[in-house]
Amino acid sequence: MNLPVEVIEAINSGKCILFVGSRFSSEAAEDQGVDYPDVKGIAKALGWKKPRQLMGSRAKVSRPSPGQGAASFQAAKGRPALIEEIRRLVDVPSVAPTAFHQSAISRFPLIVTTCQDDLLERSAVQLGGAAQVLYRGDDVPVPDPETRVIYKLNGGFERPDSLVLSPADRQPLPPAVRKQFRKLVRANVILFAGYRPDHEEFENAFDDLSQCYGGELPRCHLAVAQGRMDDFMWQKWVWRGLLMFTADPSECMAEVEARVDA
């Protein structure tokens, strides 16, 4: 794979913000022999059902939605049961942080993540110091190379009240926070890793950032995790100005280590 020159230069100059998706967690789990369901498996476990199509209709393709599944599960069994089920599906307390988690922590002073586990936090501890953890709605600090900050856009299991699980949980960010994110986008290159553009998780994160910016985002790169994807979905994101290259989290972070200045 070829890491874009713009990303390399931005990391070297301290002007790159890393967004970390759940493929960081699933790849780590799979490498260590721990089961981790795919997006369709999560959605179906929560009760998502593919909408029925009338014979002969040309309705758009319906993609698995963990968010809609979560809403159905909560309506049927309540919020505490939903949290426990999500934790059972995707929390990874038995999985150890990986080299690509450590690379992320060591190379990026500010990481925005949609992961809800604590792999990044544990990686920071392994590297010699706890990271500051912030949650959706908290003020976004200016990146400082002397600090480590993890901003959990969808909350974390350690703070059940912070978890963003269903569409109703995704409230707009406060105006002051939107302004802070807008300033980050203007001053930095954005690198998304651990995502796939055909998954709800990425679309939600991208939409959050777009709303903060107030329009189509500039200078955004996506390391597309491996897996089959139709041409329409790829072109959709090209049309939105997203710059994409194929790389799983381990590949992306290994390339960062190989090509970024020590």
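Just so it is clear, the structure is predicted and the values come from calculations on it, not from any experiment. (Residues numbered from 1 in each chain as written. Predicted model: local features only at pLDDT ≥ 70, side-chain atom pairs only at ≥ 80, totals over all residues. Heavy atoms only, no water.)

Student: Help me understand the sheet that holds strand β3 (residues 132-135) in this model?
Tutor: Within a sheet, neighbouring strands are paired by backbone hydrogen bonds and run either parallel or antiparallel to one another. Taking strand neighbours across the sheet as the criterion, the seven strands line up as β3-β4-β2-β1-β5-β6-β7 in an open arrangement whose pairing is parallel. Lying at the two open borders of the sheet, with one neighbouring strand each, are β3 and β7 (243-246). Recorded for the sheet is a direction-independent mean angle of 20 degrees between the axes of neighbouring strands. As paired strands, β3 and strand β4 (residues 149-152) are joined by four bridges and run parallel to one another. Paired with L134 across the two strands is Y151, which belongs to β4. Strands β1 (16-20), β2 (110-113), β3 and β4 of the sheet are contacted by helix α7 (residues 119-126), whose axis makes an angle of about 170 degrees with β4. (Pairing = 2+ DSSP bridges. Helix = DSSP H or I, 4+ residues; strand = E, 2+ residues; numbered from the N terminus. Axes fitted to C-alpha atoms, helices over the stretch in contact; angles between N-to-C directions. Contact = heavy atoms within 4.5 Å.)

Student: Any chance you could explain the side chain of D198 here in plain terms?
Tutor: For D198, the position within the fold is in the loop between β5 (189-195) and α9 (200-213). Residue D198 is classed as buried on the basis of its relative accessible area of 13%. For D198, the side chain forms a polar contact with the side chain of R196, separated by 3.0 Å. Beyond its immediate sequence surroundings of up to four residues, D198 is in contact with R63, R228, M229 and M233. (Buried < 20%, exposed > 50% of the residue type's maximum accessible area, 1.4 Å probe, protein only. Polar contact = N/O pair within 3.5 Å; in protein donor to acceptor, adjacent residues only side chain to side chain.)

Student: How should helix α1 (residues 5-12) be read in this particular structure?
Tutor: Think of an α-helix as turning once every 3.6 residues; residues three or four places apart then point the same way. Those residues of α1 that sit buried are V7, I8, A10 and I11. Seen end-on, α1 carries its buried residues on one side only, within an arc spanning 165 degrees. For α1, exposure combined with an orientation more than 90 degrees from the buried face picks out V5 and E9. Elements that come into contact with the buried residues of α1 comprise β1, α6 (99-107), β5, β6 (220-224) and α11 (249-259). The positive-phi residue at the C-terminal boundary of α1 is G14, with phi of around 70 degrees. (Arc of directions from axis to C-beta.)

Student: Whenever I open this one, the state of the cysteines confuses me. Can you help?
Tutor: Two cysteines whose sulfur atoms are joined by a covalent bond form what is called a disulfide. Across all of its chains, the model carries zero disulfides by this definition. Its sulfur unpaired, C220 is 9.9 Å from the next cysteine sulfur, which belongs to C16. For C220, a relative accessible area of 1% corresponds to the buried category. Sulfur of C252: no disulfide; nearest cysteine sulfur belongs to C16 and is 9.0 Å away. (Disulfide = S-S within 2.5 Å.)

Student: Got a minute to help me understand the packing of α6 against α11 in this structure?
Tutor: Two packed helices can be described by the angle between their axes and the distance between those axes. Taken N-terminus to C-terminus, the directions of α6 and α11 make an angle of 45 degrees; their axes are 9 Å apart at the nearest point. Between α6 and α11, the crossing angle belongs to the class labelled oblique. For the pair α6 and α11, the sense of crossing is left-handed. Contacts from F100, S103, A104, S106 and R107 of α6 reach α11 at P249, S250, M253, V256 and E257. Class assignment of the residues belonging to the contact of α6 with α11 gives a composition of five nonpolar, three polar and two charged. (Parallel < 35°, antiparallel > 145°, perpendicular 65-115°, else oblique. Left-handed = near helix turned anticlockwise from the far one by under 90°. Nonpolar A, V, L, I, M, F, W, Y, C, P; charged D, E, K, R; others polar.)

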